[in-house]
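Notes for the structure review
Each chain, letter by letter, is given below.
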Amino acid sequence: MLELRRVTAGYDRREPVLRDVSLTLEPGESVGLLGPSGCGKSTLARVAALLHEPYAGEVVVDGEPVRGWRHRAPRAQRTTFGVVFQQPRLSADPRLRLADLVAEPLRANGLAPDSRVAELAERVGLGPDLLSRRPHEVSDGQLQRACLARALTLRPRWLICDEMTAMLDASTTAALVGVVEAYRGESGAGVLAVGHDRVLLERWCGRILDWSVRPQPSR
């Protein structure tokens, strides 16, 4: 189980974005976090993915409290997460070919690229011709497909999708959600889907946390 217990977090200790927030995600479960821009959804997603250290509270992964964040997180915990962000061009190294982008997690963990790169590219709908291109040579949708493949490369047990489809057309949205759901079904991974599209999250997720009426933090 992934647990966030009474988390307070943000970017200014005097005005936290999140105050005393708790969340649980079971293996194999898909949970949607619904809310408007500025309500703290993405901050919570980054805390859940061990990318942002909270001011208070704790994150517990399979019964083990997290003791470090980002590169200081234990590898055994860090590599159980895959993350897909809203803006693929901000999360992709523009110098890398898409094949190298998908293989990034392998290299970062001292592993050689293997057959899973081609397999994942095919799964997300990237043909071999696209794998040799760099981000500026493909569309946002194609680049987000590569970013999803990258998130799945280490076979994560927890997948955090932070506004993954916000910049995509309907057909690409349906395709990528289908990939995530197929992976969840076969692997038993838990999925946290963050977004502001109620219709999409209701169709996608088994449970929704609605922050639409959540009080906004003071500025």
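Please refer to the structure placed before this passage.
Here is a short report on the structure shown in this document.

1. What to know about the sheet that holds strand β8 (residues 190-195)
- An order of β6-β7-β8-β3-β9 is seen for the 5 strands of this open sheet, with the pairing classed as parallel. At either end of the open sheet lies a strand with only one pairing partner, and these are β6 (81-84) and β9 (207-210). On average, each strand axis in the sheet is tilted by 15° relative to the strand beside it, whichever way the strands run.

2. Looking at unusual backbone geometry
- Phi is positive for D20, close to 55°, though the residue is something other than glycine.
- The topology assignment puts D20 in strand β2 (residues 18-25).
- Relative accessible area serves as the criterion here: at 42%, D20 is assigned to the partly exposed category.
- The backbone phi angle of D62 is positive, close to 55°, even though this residue is not glycine.
- The topology assignment puts D62 in the loop between β4 (56-61) and β5 (64-65).

3. Here's the deal with the side chain of T172
- Its location among the elements puts T172 in helix α8 (residues 170-187).
- In this view, T172 contacts G141 and R145; residues no more than four positions away in its chain are not counted.

4. Regarding the pattern of salt bridges
- What the rule picks out here adds up to 16 salt bridges.
- Between R97 and D100 there is a salt bridge, and its shortest N-O distance comes to 3.2 Å.
- Taking the relative accessible area as the measure of exposure, R97 reaches 31% and is therefore partly exposed.
- Using a relative accessible area of 17% as the deciding quantity, one classes D100 as buried.
- Salt-bridge contacts for R133 lead to D129; the nearest nitrogen and oxygen are separated by 3.9 Å.

5. Section: the environment of G32
- Of note, G32 is situated in strand β3 (residues 30-34).
- The class of G32 is buried, set by a relative accessible area of 0%.
- In the structure, G32 is positioned 37 residues away from W69 in sequence and 24 Å away in space, judged by C-alpha atoms.
- Leave out the neighbours within four places in its chain, and G32 touches A193, L201, C205, R207, I208 and L209.

6. Observations regarding the nonpolar core
- Of all hydrophobic cores here, the largest spans 40 residues; its most connected members are L98, L126, L148, M164, V180 and W204.
- If one sorts the elements of this core by residue count, helix α7 (residues 140-152) sits on top with 7 residues.
- In this structure, L18, V21, L25 and L44 belong to the second largest nonpolar core, which totals 29 residues.

7. A word on the sheet that holds β4
- Taken in spatial order, the 4 strands of this open sheet run β2-β1-β4-β5, and their pairing is antiparallel. With one partner strand each, in any of the chains shown, β2 and β5 form the two edges of the open sheet.
- Sheet topology note: the strand β1 (residues 2-9)/β4 ladder contains 5 bridges and is antiparallel. Within the sheet, the bridge partner assigned to L4 lies in β4 and is V59.
- Running at roughly 125° to β1, helix α1 (residues 41-48) makes contact with β1, β2 and β4 of the sheet.

8. Some words on the packing of α7 against α8
- Running from N to C, α7 and α8 cross one another at 10°; their axes reach a closest spacing of 11 Å. Taken as axis vectors, α7 and α8 run roughly parallel relative to one another. For the pair α7 and α8, the contacting residues are G141, Q144, R145, L148 and L152 in the first and T172, A175, L176, V179, V180 and Y183 in the second.
- Within the contact of α7 with α8, the residues separate by chemical class into 7 nonpolar, 3 polar and 1 charged.

Basis of the calculations
- Residues numbered from 1 in each chain as written.
- Predicted model: local features only at pLDDT ≥ 70, side-chain atom pairs only at ≥ 80, totals over all residues.
- Heavy atoms only, no water.
- Pairing = 2+ DSSP bridges.
- Helix = DSSP H or I, 4+ residues; strand = E, 2+ residues; numbered from the N terminus.
- Axes fitted to C-alpha atoms, helices over the stretch in contact; angles between N-to-C directions.
- Buried < 20%, exposed > 50% of the residue type's maximum accessible area, 1.4 Å probe, protein only.
- Contact = heavy atoms within 4.5 Å.
- Salt bridge = Lys/Arg side-chain N within 4 Å of Asp/Glu carboxyl O.
- Core = buried A, V, L, I, M, F, W, Y, C linked by side-chain atoms within 4.5 Å.
- Parallel < 35°, antiparallel > 145°, perpendicular 65-115°, else oblique.
- Nonpolar A, V, L, I, M, F, W, Y, C, P; charged D, E, K, R; others polar.

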